[in-house]
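Listed here are the chains, written in short residue letters.
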Amino acid sequence: MVILNTKNLGFRIQLTLSIFVLMTAIPIGIMWYSSSEQILQNSVQQLFRQSNQVITSHLDDFFDEAHLVYQHQITEKKSLPKIVNQRDELLKYLANVLAHHDDIDYFYFASAEGHLLSLGRDEFGNFVRIESDSNKAGSTTSYSTDSKGDGIEVINTNAHFDPRTRQWFQRALKSKEPVWSDIYPGAIENVLGVSLAKAQYDENGNFLGVWGLDLTLSTLEHELQKNVLSPNSRILLISDHGTIVASSDKSFPALMELDTPLTPVVNIIWDNISNTQPSDTMAVTQYPVLGTNWMTAHTKYQLGSNRYLTILFISPICDFIGEFINAKYYAVLFTLILMMVAMYFGSQGTRYILIPINQLQATVKRITLGKWNSRTQLDREDELGDLSRSFDHMAEHLQVTICQLKEEQKETTRLNNLLAYNNQELERKVSERTAELENANSKLQQLANFDPLTQVANRRHFWQLFEQKNQQSPGWLLVLDIDNFKSINDAHGHLIGDRVLQQFCSVCQSCLGSDALFGRIGGEEFALFVTASDAPDIKAYAEKLLRCVRNTPLIIDDRTISFTTSIGVAQTSPDKRSVYAEADKMLFKAKASGKDCVSFLV
């Protein structure tokens, strides 16, 4: 067949190259595929197993914290019925448990009549007590308290709350042992929580109520992120209902259901593993999804009776190519040997091809120099011979074509100049629009972070900056409240009251140092964070602030409106969560001491 097609140059080239490719690819493919699959399977399985051990250990520690509370109750079994029937003793018991278990957010008891007493920490670390207003289900009130639960400052009220209708209460009634609730969204966006509840009975078996405690699952997401195996790997905790409880991928929102466009890979894998039974072994499986091969493994973590969390690992195979570099070395060596053989035979074929091509190239150069009568004079009966004859026809029409091209070049230049001008105009307009957007964003940032009346940091922005500065350097938190502000409003009107607030902020800022943080956290309540070496310095600082406010009244239309402030001071530290409650308590003490004074808690 080769002899019959000796005049077909394309056929000869394709046949030669095909033989060389087959000689190189077939041995390499046989060697690689005979070993790579098993190497990949074993290596990834070992990585998954190690990561699973770390995550399972963290889950054990996390959930054992809650069970430990109820295990301790076994030793206090006889005293618990008396404690739950005495409000002060119950509050003391709740505070004692929280003091010894930092991972517990709220600890509470709901009586058989629906009365609730709860103590816990909010997102700022401040203690909050939630208590029913009567001895049965009904309205509840939230109070800001110290670590012992003592405090009368009202934070929020609820017109009606019956804990007996809640999932954690009803599940606890069905078991003698502590029972986990379903995982639910917490009070903070994208933060999940879970409750462990246990029913309480007296010595005669009479039902007294239900204990409950809340845990936040945010630490689980951090643990998953630390244990990802590669840049594109993901680790997920999935409930029995197919809900993503926690994930190393931040693009998955909290409690997101599967079967959404965001989880195409997870959807396919979950359909295959959701009904599998718990097992002590971990097997690695491959799934082709969206043109990519994914490796996956899973285990089930027992949360309660017949309740599990699936720990799912998924990684694209391409992330583990580095594990097989040693195997590739042998393939590369073998390939080099074959390439040397291919180069020898290829050089012989290339020479046969390049000789007539060089002749054609010399003819082309002469034509480009304006020698229109040049001919290739190549007499062959293959594709190169056809090309030679085509060059002869090209020379005859080349001059006409070049003239036409020059005219078209002029037109192209004109159009390019016009396009350049239009692009400059477009860039100018884009620059103007960008400047407008940056100005608008700046104004939005001002509205989001600063109080529109006083132009100082608002409550959210102040506490955000306070957390950052307090972690860098401990200092002092001052809580200020304008004395008799309601009387000023009643006597002069709310517009004058607003002017008093503005005057107060202006006076305070004029007395503050450059490193002080000042913000409005309530109606006439403000907060100030400063750093100082000792208590006398901050005391002098606060006294100076009192004098500035006292000696700088508001003067409007010949009217002088004097006002004073009371200050509560508490010392801060990076690990101290109740500093605001302490400073607020000192403010209350300053108010009770006659106002226009400062009270310290060192």
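Here's what I pulled together on the structure shown here. (Residues numbered from 1 in each chain as written. Predicted model: local features only at pLDDT ≥ 70, side-chain atom pairs only at ≥ 80, totals over all residues. Heavy atoms only, no water.)

1. Here's the deal with helix 9 (residues 459-472)
The α-helix winds at 3.6 residues per turn, so residues separated by three or four positions along the chain end up facing the same way.
Part 1 of the argument: For helix 9, with 14 residues, the first-to-last C-alpha span of 20 Å sits near the 20 Å given by 1.5 Å per residue.
Part 2 of the argument: Within helix 9, the full set of buried residues consists of H461, F462, W463, F466 and N470. (Helix = DSSP H or I, 4+ residues; strand = E, 2+ residues; numbered from the N terminus. Expected span 1.5 Å × (residues − 1). Buried < 20%, exposed > 50% of the residue type's maximum accessible area, 1.4 Å probe, protein only.)

2. Focus on the nonpolar core
Part 1 of the argument: Among the nonpolar cores identified, the biggest contains 47 residues, and F63, L90, F107, W211, L213, L215 and I311 are the most heavily contacted of them.
Part 2 of the argument: The element contributing the most residues to this core is helix 1 (residues 9-75), with nine residues.
Part 3 of the argument: Counting residues in each nonpolar core, the second largest holds 34 residues, with I496, V500, C548 and F563 among its members. (Core = buried A, V, L, I, M, F, W, Y, C linked by side-chain atoms within 4.5 Å.)

3. Thoughts on the side chain of N126
Part 1 of the argument: The topology assignment puts N126 in the loop between strand 2 (116-121) and strand 3 (127-132).
Part 2 of the argument: Not counting chain neighbours up to four residues away, the residues in contact with N126 comprise G120, R121, R577, S578, Y580 and A581. (Contact = heavy atoms within 4.5 Å.)

4. Things to note about the packing of helix 10 (residues 485-492) against helix 11 (residues 494-511)
Packed helix pairs are characterised by how far apart their axes lie and by the angle those axes make with each other.
Part 1 of the argument: Between helix 10 and helix 11, the shortest axis-to-axis distance is 7 Å and the interhelical angle comes to 135 degrees. Between helix 10 and helix 11, the angle falls in the class oblique. For the pair formed by helix 10 and helix 11, the contact residues are F485, I488, N489 and H492 on the first element and H494, I496, G497, V500 and L501 on the second. (Axes fitted to C-alpha atoms, helices over the stretch in contact; angles between N-to-C directions. Parallel < 35°, antiparallel > 145°, perpendicular 65-115°, else oblique.)

5. Topic: the pairing of strand 2
Part 1 of the argument: Of all six residues making up strand 2, six are buried, and the element is well covered by its neighbours.
Part 2 of the argument: With burial as the criterion, each face of strand 2 is covered, one bearing L116, S118 and G120 and the other bearing L117, L119 and R121.
Part 3 of the argument: In the sheet, strand 1 (residues 104-111) pairs with strand 2 via five bridges, with the strands oriented antiparallel. In the strand pairing of strand 2, Y106 is matched with G120.
Part 4 of the argument: Connecting strand 1 to the antiparallel partner strand 2 that follows it, the hairpin turn spans four residues, and G114 within it adopts a positive phi of roughly 95 degrees.
Part 5 of the argument: Here five bridges tie strand 2 to strand 3, and the two strands are oriented antiparallel to one another. Bridge assignment links S118 to a residue of strand 3, and that residue is I130. (Pairing = 2+ DSSP bridges.)

6. With respect to the packing of aromatic side chains
Part 1 of the argument: Enumeration according to the criterion identifies 16 aromatic pairs in this entry.
Part 2 of the argument: Between W168 and F169 the ring centres are 5.9 Å apart and the planes differ by 65 degrees, which places this aromatic pair in the edge-to-face class.
Part 3 of the argument: Residue W168 is classed as buried on the basis of its relative accessible area, which comes to 14%.
Part 4 of the argument: Seen from their ring centres, W476 and F600 are 6.5 Å apart, and the 75 degrees between their planes marks the pair as edge-to-face. Taken together, the residues W476 in strand 16 (residues 476-482) and F600 in strand 22 (residues 598-601) connect sequence positions 124 residues apart.
Part 5 of the argument: The exposure class assigned to W476 is buried, which follows from its relative accessible area of 2%.
Part 6 of the argument: Residue classification places F600 among the partly exposed residues on the basis of a relative accessible area of 22%. (Phe/Tyr/Trp six-rings, centres within 6.5 Å; stacked < 30°, edge-to-face > 60°.)

7. What about the packing of helix 11 against helix 12 (residues 535-550)?
Part 1 of the argument: As a packed pair, helix 11 and helix 12 sit with axes 9 Å apart at the nearest point and diverge in direction by 140 degrees. Between helix 11 and helix 12, the interaxial angle falls into the category oblique. Seen from above, helix 11 lies across helix 12 with right-handed handedness. Every residue of helix 12 that contacts helix 11 at F504, V507, C508 and C511 is listed here: Y541, K544, L545, C548 and V549.
Part 2 of the argument: Its residues assigned to classes, the contact of helix 11 with helix 12 comprises eight nonpolar, no polar and one charged. (Left-handed = near helix turned anticlockwise from the far one by under 90°. Nonpolar A, V, L, I, M, F, W, Y, C, P; charged D, E, K, R; others polar.)

8. With respect to helix 11
Part 1 of the argument: Its 18 residues place the ends of helix 11 26 Å apart at the C-alpha level, agreeing with the 26 Å of an ideal helix rising 1.5 Å per residue.
Part 2 of the argument: Among all positions in helix 11, only I496, G497, V500, L501, Q503, F504, C505, V507, C508 and C511 are buried.

9. Some words on the sheet that holds strand 16
Part 1 of the argument: Taking strand neighbours across the sheet as the criterion, the five strands line up as 17-18-16-21-22 in an open arrangement whose pairing is mixed. Each of the sheet's edge strands pairs with one partner strand only, and the pair in question is strand 17 (517-520) and strand 22. With direction set aside, neighbouring strand axes in the sheet form an average angle of 15 degrees.
Part 2 of the argument: As paired strands, strand 16 and strand 18 (residues 525-530) are joined by six bridges and run antiparallel to one another. Within strand 18, the residue paired with L480 across the bridge is F526.
Part 3 of the argument: Running over the sheet, helix 11 touches strand 16, strand 17, strand 18 and strand 21 (565-571) and is turned about 175 degrees from strand 17.
Part 4 of the argument: Against the sheet, helix 13 (residues 579-592) touches strand 16, strand 18, strand 21 and strand 22, its axis set at about 145 degrees to strand 21.

10. Some points on the layout of surface pockets
Part 1 of the argument: The volume enclosed by the second largest pocket comes to roughly 550 Å³.
Part 2 of the argument: Taken together, 20 residues make up the lining of the second largest pocket; nearest its centre are E153, A581, D584, K585 and F588.
Part 3 of the argument: Counting only elements with at least two residues in the lining of the second largest pocket, the list comes to strand 4 (138-145) and helix 13.
Part 4 of the argument: In terms of residue count, the dominant contributor to the lining of the second largest pocket is helix 13 (eight residues).
Part 5 of the argument: Within the lining of the second largest pocket, the residues separate by chemical class into six nonpolar, five polar and nine charged. (1 Å grid on protein atoms, 1.4 Å probe; cavity = no way out; pocket = protein on both sides within 12 Å on 5 of 7 lines; lining within 4 Å. Points joined across faces, edges and corners; volume = space filled by probe spheres on them.)

11. Description of unusual backbone geometry
Part 1 of the argument: Not every positive phi belongs to a glycine, and D557 is a case in point at roughly 50 degrees.
Part 2 of the argument: Among the secondary structure elements, D557 is positioned in the loop between strand 19 (554-556) and strand 20 (559-561).
Part 3 of the argument: Positive phi, close to 70 degrees, is recorded for K595, a residue that is not glycine.
Part 4 of the argument: With respect to the helices and strands, K595 occurs in the loop between helix 13 and strand 22.

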